[in-house]
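# Chains, contacts and geometry: an overview
As a plain string of letters, each chain reads:
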Amino acid sequence: MEHPLYIYNTLTRRKEQFVPLHEPFVGMYVCGPTVYGDAHLGHARPAITFDILFRYLQHLGYKVRYVRNITDVGHLEHDADEGEDKVAKKARLEKLEPMEVVQYYVNRYHKAMERLNVLPPSIEPFASGHIIEQIEYIKEILDHGYAYVSNGSVYFDVPKYNRDFNYGKLSGRNIEELFSATRQLDGQQEKHNPADFALWKKAAPEHIMHWPSPWSEGFPGWHLECSTMGQKYLGETFDIHGGGMDLVFPHHECEIAQSVAHSGHDAVRYWMHNNMITINGQKMGKSLGNFITLDEFFTGSRKDMLAQPYSPMTIRFFILQAHYGGTVDFSNDALQAAEKAYERMLDGWRRLNELRPSETSTVNVADLDRKCHEAMNDDLNTPMVIAHLFDACRAINQVNDGKATISAADLDQLKSTFKTFLFDILGIYDERESGSVNLKPYEQAVDLLLEIRKDAKSRKDWATSDLIRNRLAEIGFDIKDTKDGFEWKVK
Ligand code: ZN
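The notes below deal with the structure included here. (Residues numbered from 1 in each chain as written. Predicted model: local features only at pLDDT ≥ 70, side-chain atom pairs only at ≥ 80, totals over all residues. Heavy atoms only, no water.)

### Observations regarding the overall build of the protein chain
Let me state the cut-off plainly: Here a strand is any run of E in DSSP of at least two residues, a helix any run of H or I of at least four, and the numbering for each starts at the N terminus. The rule is simple: take the accessible area with a 1.4 Å probe, protein chains only, and divide by the maximum for that residue type; under 20% is buried, over 50% is exposed, in between is partly exposed. Pairs of residues are marked as contacts when any of their non-hydrogen atoms sit within 4.5 Å. Computed by Shrake-Rupley with a 1.4 Å probe, the accessible areas treat only the displayed protein chains as cover when residues are assessed. Counting rule for charge: Lys and Arg are taken as positive, Asp and Glu as negative, and neither His nor the chain ends is counted. To locate a charge, the coordinates of NZ of Lys, CZ of Arg, CG of Asp or CD of Glu are taken.
Scanning the protein chain from N- to C-terminus turns up 16 helices and 15 strands. Dimensions along the principal axes, computed over C-alpha positions, put the protein chain at roughly 75 × 75 × 35 Å. Within the protein chain, the proportion of its 491 residues that are buried is 54%. Within the protein chain, residue pairs in contact and separated by at least 24 positions form 74% of the contacts whose partners lie at least 6 positions apart. Accessible surface, the protein chain: about 22,900 Å² in total, of which carbon and sulfur atoms supply 50%. The protein chain carries 56 positive and 71 negative side-chain charges, and their two centres are separated by 5 Å.

Below is the structure:
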């Protein structure tokens, strides 16, 4: 390859030249969502990060098979091994079939990803659809002596594995510390060591998602699905495994141990991890009440956290303005700046399409393509690509203002580079042109109607008040009167 791509490998802790195992084919596996709730900002970052990699590898001419799984079983409440299954819990609370919960949130996840212009993966396997493969995988690990059966469950024998290999090489954790630091949990007496993790769990009587196996009626451990499905669809060894940094330990560390115990070697050549998003400097977490779903961003309905709605492209641009390896802090200020930057970039593109060529160029745009490639080849440096495109916008404005000229050949090249990097590789689209409308004026119109209703109520004009409320309800708005006024959402 003329311009080699370098990516940061979490395992070796350095940037490495990317060389596929079977050129021109690239196998790429990314841990997908656990589907028991709506996708939030934390889901957008890995999806967008690996969408950029997927797009760029294809741009470089590789044939990429991109596998992103759906976790619909085995993700338990506490750590990987304890507590109620998250999908099953939701199903119990909502009185639904677990698969109804899964399908509902998978559909919503797909819709949110589509709005963010995240391309669908080549294969999207479900953990619950690969129980037989996971059982076979466990049998191999048991045959190789790195797991044991205990009271109908099967656990991975971490100390034994660590004597022969190196447990902790991805996360850099010290296993001795790990043994002493792991907290004591209920049911732990089944494990020989607190660091051991479940490959198969015997289902408690109240557990509704379970399958037959040689050991018990039960379900697979969470870490197992990715080892099994990755190797099933991408081969015994494949190129790239990605996910959020929060998955490095224990999830990916356990995946490595499982693959080595199963196949005698790690399944993955390059491990890649995106960093996390914080909200006003804080970690995101359910208990902190700062989880904002993507739909809430798009509609602006979380008025306690959001000063306004933010469009899908604003969110995407915001995420791409930071390198995937660094943290990103969400704040209204930062998102409003991203919204302005996105609009300025699109203005540049629209203006570019209206420029008239001259005989000669006085702007230098010839090396934009090279610079953008260099930035992407340097571990997907999207903020640098955006900076180069803004430099081009400045040149476009100079030509537009008559302060500089551009030749026909340069103009064609500039258009082609701009389109390739902004639309094809960064995956940005023009929300105005794509027909997706700016919702702000409509939302302000609903607010206005409800202000009129509030005023009518205060004058005891019940006819007007009821008319507005009933008609909005018929149209599909859910209106709630609150202490300080009203709240509404689309039903
Ligand atoms: Zn995974």
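### Comments concerning the sheet that holds strand 4 (residues 63–68)
What counts is decided by this rule: Any two strands with at least two DSSP bridges between them are considered paired. A fitted line through C-alpha atoms serves as each axis, taken over the contacting stretch for helices, and the angle formed by two N-to-C directions is quoted from 0 to 180°.
Pairing within the open sheet is parallel, and its four strands lie in the order 4-3-9-10. The open sheet terminates on both sides in strands that have one partner only, identified here as strand 4 and strand 10 (268–274). Going from strand to strand, the sheet's axes swing by 20° on average, the running direction of each strand aside. Sheet strands touched by helix 7 (residues 222–234): strand 3 (25–30), strand 4 and strand 9 (238–244). Its angle to strand 3, the strand with the most contacts, is close to 160°.

### Quick look at the sheet that holds strand 11 (residues 277–279)
The mixed open sheet is built from three strands, whose spatial order is 12-11-13. With partners counted over all chains shown, the strands left at the sheet margins are strand 12 (282–283) and strand 13 (328–330), one partner each.

### Re the coordination of the zinc ion
Heads up, the rule is: Sites may look incomplete, because water is not among the atoms used; the donor set itself consists of N, O and S atoms within 2.8 Å of the metal (3.2 Å for Na, K and Ca).
Surrounding the zinc ion are the protein donor atoms Cys31 (SG), Cys226 (SG) and His251 (NE2), at 2.0 to 2.1 Å. Sequence spacing of the donors to the zinc ion: C-x194-C-x24-H. With cysteine 226 in helix 7 and histidine 251 in helix 8 (residues 248–263), this pair connects stretches of sequence that are 25 residues apart. Using a relative accessible area of 2% as the deciding quantity, one classes cysteine 226 as buried.

### Brief notes about the pairing of strand 1 (residues 6–9)
Only one face of strand 1 is covered, namely the face carrying Ile7 and Asn9; the face carrying Tyr6 and Tyr8 is uncovered. As judged from the four bridges shared by strand 1 and strand 2 (residues 14–17), these two strands associate in the antiparallel manner. What sits directly across from tyrosine 6, in strand 2, is glutamine 17. The antiparallel hairpin formed by strand 1 and strand 2 contains four residues in its connecting segment, where arginine 13 sits at a positive phi of about 60°.

### A few points about the packing of aromatic side chains
Condition: Aromatic rings from Phe, Tyr and Trp, taking only the six-membered ring of Trp, are treated as a pair when their centres fall within 6.5 Å; an angle between ring planes under 30 degrees marks them as stacked, one over 60 as edge-to-face, and anything in between as tilted. A ring is scored as having a charge over it whenever the NZ atom of a lysine or the CZ atom of an arginine sits within 6 Å of its centre and within 35 degrees of its normal.
Counting across every chain of the model gives 18 aromatic pairs. Centre to centre, the rings of phenylalanine 18 and tyrosine 270 are 5.2 Å apart; their planes meet at 50°, and the pair counts as tilted. Taken as a pair, phenylalanine 18 in the loop between strand 2 and strand 3 and tyrosine 270 in strand 10 lie far apart in primary sequence, 252 residues in all. Assessed through its relative accessible area of 4%, phenylalanine 18 is described here as buried. One aromatic cluster is present, formed by Tyr146, Phe156, Tyr161, Phe165, Tyr167 and Phe197 through successive ring pairs. A cation over a ring is seen here: arginine 269 above tyrosine 270, with NZ or CZ 4.2 Å from the ring centre. Of note, arginine 344 hangs over the ring of phenylalanine 390, and the distance from its end group to the ring centre comes to 4.6 Å.

### Observations concerning unusual backbone geometry
Geometrically, the link from glutamate 23 to proline 24 is a cis peptide bond, its omega value of 5° lying close to zero. Secondary-structure assignment places proline 24 in the loop between strand 2 and strand 3. Here the residue pair phenylalanine 249 and proline 250 is connected by a cis peptide bond, since its omega of 0° sits within 30 degrees of zero. For proline 250, the location among the structural elements is in helix 8.

### Considerations on the pattern of salt bridges
Put simply, the test is: A pairing counts as a salt bridge when a side-chain nitrogen of Lys or Arg comes within 4 Å of a carboxyl oxygen of Asp or Glu.
All told, the structure shown has 25 salt bridges when counted by the stated rule. Notably, a salt bridge pairs aspartate 481 with lysine 457, separated by 3.6 Å at the nearest N-O pair. Here the residue aspartate 481 occupies a position in strand 14 (residues 477–482), and lysine 457 occupies one in helix 15 (residues 440–458), the gap between them amounting to 24 residues. According to the relative accessible area criterion, aspartate 481 is partly exposed, its value standing at 41%.

### Re the environment of leucine 352
Looking at the secondary structure, you find leucine 352 in helix 11 (residues 332–352). Classification of leucine 352 by relative accessible area gives buried; the value is 0%. In the structure, leucine 352 is positioned 40 residues away from alanine 392 in sequence and 9.6 Å away in space, judged by C-alpha atoms. Ignoring sequence-local partners within four residues, the contact set of leucine 352 consists of Ile396, Leu411, Leu414, Lys415 and Phe418.

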